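A structural walkthrough
Here is how the chains run, residue by residue.
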Amino acid sequence: MRALTDDETRLVFEKLKKYIGTNLRQMVDRPDGIFLFRLHKERVFYMNERLLKHAGHIPKKDLLSAGVCIGKFTHSRKFRLLITALDYLARLAQYRVWLKPSGEQHFVYGNHVVKAKTRAREGLVRFWTYVCPTYSK
């Protein structure tokens, strides 16, 4: 597990900034401790500094995961967010859309969401009435 390079950090922060905007500072500078981004097997993990120290005692080939997997780098070096990052995206999202129950079926079956079926007019993170967030690319 190693620290991200400057280019990798830039790619990760650009992708996160699309969804959480200026709230990215809240994710990096947290009052409850020091949280870091680390790369392991082309996946980016977000973890507490204390957890990083404990994970350092495990051999690299045996370590599967540590912290929350935010996303991964593709072979072409693009960064993709994973579903495990959704808790942080939902909490810090700049724009949110709440779907009414009648609009959920349209979205679940892959159709576009009609503006009349939403409670907000713009956003990237969608919430259902069950408070289950999803995100769009």
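Report on the accompanying structure. Values in this document were obtained by computation on a predicted structure and should not be read as measured data. (Residues numbered from 1 in each chain as written. Predicted model: local features only at pLDDT ≥ 70, side-chain atom pairs only at ≥ 80, totals over all residues. Heavy atoms only, no water.)

**Some points on the side chain of T74**
For clarity, the threshold we go by: Here a helix means four or more residues in a row that DSSP labels H or I, a strand means two or more in a row labelled E, and each is numbered from the N terminus. In the analysis that follows, any N or O atom pair within 3.5 Å is treated as a polar contact, provided that within protein one partner can donate a hydrogen and the other can accept it, and provided that, for residues neighboring in sequence, both atoms belong to side chains.
Mapped onto the secondary structure, T74 falls in the loop between β4 (68–73) and β5 (79–81). A polar contact of 3.2 Å, which involves the side chain of T74, links it to the side chain of S76.

**A look at the side chain of E8**
Quick reminder of the rule: Contact criterion: two residues are considered in contact whenever any of their non-hydrogen atoms come within 4.5 Å of each other.
Checked against the element boundaries, E8 lands in helix α1 (residues 6–20). Among the polar contacts made by the side chain of E8, one reaches the main-chain amide nitrogen of T5 at a distance of 3.0 Å. When sequence neighbours within four positions are dropped, the list of residues in contact with E8 reads R2, L39, F73 and R77.

**Focus on the pattern of salt bridges**
The test is simple: For salt bridges, the criterion is a side-chain nitrogen of Lys or Arg within 4 Å of an Asp or Glu carboxyl oxygen. Whether a residue is buried, partly exposed or exposed follows from its accessible area with a 1.4 Å probe, protein chains only, as a fraction of its type maximum: under 20%, in between, or over 50%, in that order.
Applying the stated criterion across every chain, the model contains six salt bridges. Of the charged contacts in the structure, one is a salt bridge between E8 and R77, with a shortest N-O distance of 2.9 Å. Here R77 lies in the loop between β4 and β5 and E8 lies in helix α1, a separation of 69 residues in the sequence. Since its relative accessible area comes to 35%, R77 is described here as partly exposed. One salt bridge connects E14 with R10, and the closest N-O pair in it is separated by 3.3 Å. Residue E14 and its partner R10 are both found in helix α1; the two are separated by four residues, about one turn of the helix. Residue class for E14 comes out partly exposed when judged on its relative accessible area of 42%. Overall, the relative accessible area of 42% leaves R10 in the partly exposed class. Within the structure, one salt-bridge network assembled from shared partners comprises R2, E8, E42 and R77.

**Some points on the sheet that holds strand β1 (residues 2–3)**
Keep this limit in mind: When DSSP finds two or more bridges between two strands, those strands count as paired.
Strand order in the open sheet made by the five strands is β1-β2-β3-β4-β5, with antiparallel pairing throughout. Pairing within the sheet leaves two strands with one partner each, and these edge strands are β1 and β5.

**Remarks on the packing of aromatic side chains**
Applicable threshold: Only centres within 6.5 Å qualify two rings of Phe, Tyr or Trp (six-membered ring in Trp) as a pair; their planes then separate them into stacked at under 30 degrees, edge-to-face at over 60, and tilted for everything else.
Summed over all chains, the structure comprises five aromatic pairs. Relative to Y46, the ring of F35 lies with its centre 5.4 Å away and its plane at 25°, an arrangement referred to as stacked. Taken as a pair, F35 in strand β2 (residues 35–40) and Y46 in strand β3 (residues 43–48) lie far apart in primary sequence, eleven residues in all. Since its relative accessible area comes to 15%, F35 is described here as buried.

**Comments concerning the nonpolar core**
Where we set the bar: Take the buried residues of types Ala, Val, Leu, Ile, Met, Phe, Trp, Tyr and Cys, join any two whose side-chain atoms come within 4.5 Å, and each joined set is a nonpolar core.
In terms of nonpolar packing, the biggest core is built from 21 residues, with L16, I20, M27, F37, V44, I70 and L81 touching the most fellow members. When residues of this core are traced back to their parent elements, those giving at least two are α1, α2 (24–28), β2, β3, β4, β5 and α4 (86–92). Discounting residues that sit within four places of it in the chain, F37 has contacts with A3, L4, F13, L16, M27, V28, V44, F45, Y46 and I70. Counting residues in each nonpolar core, the second largest holds seven residues, with L36, F45, M47 and A55 among its members.

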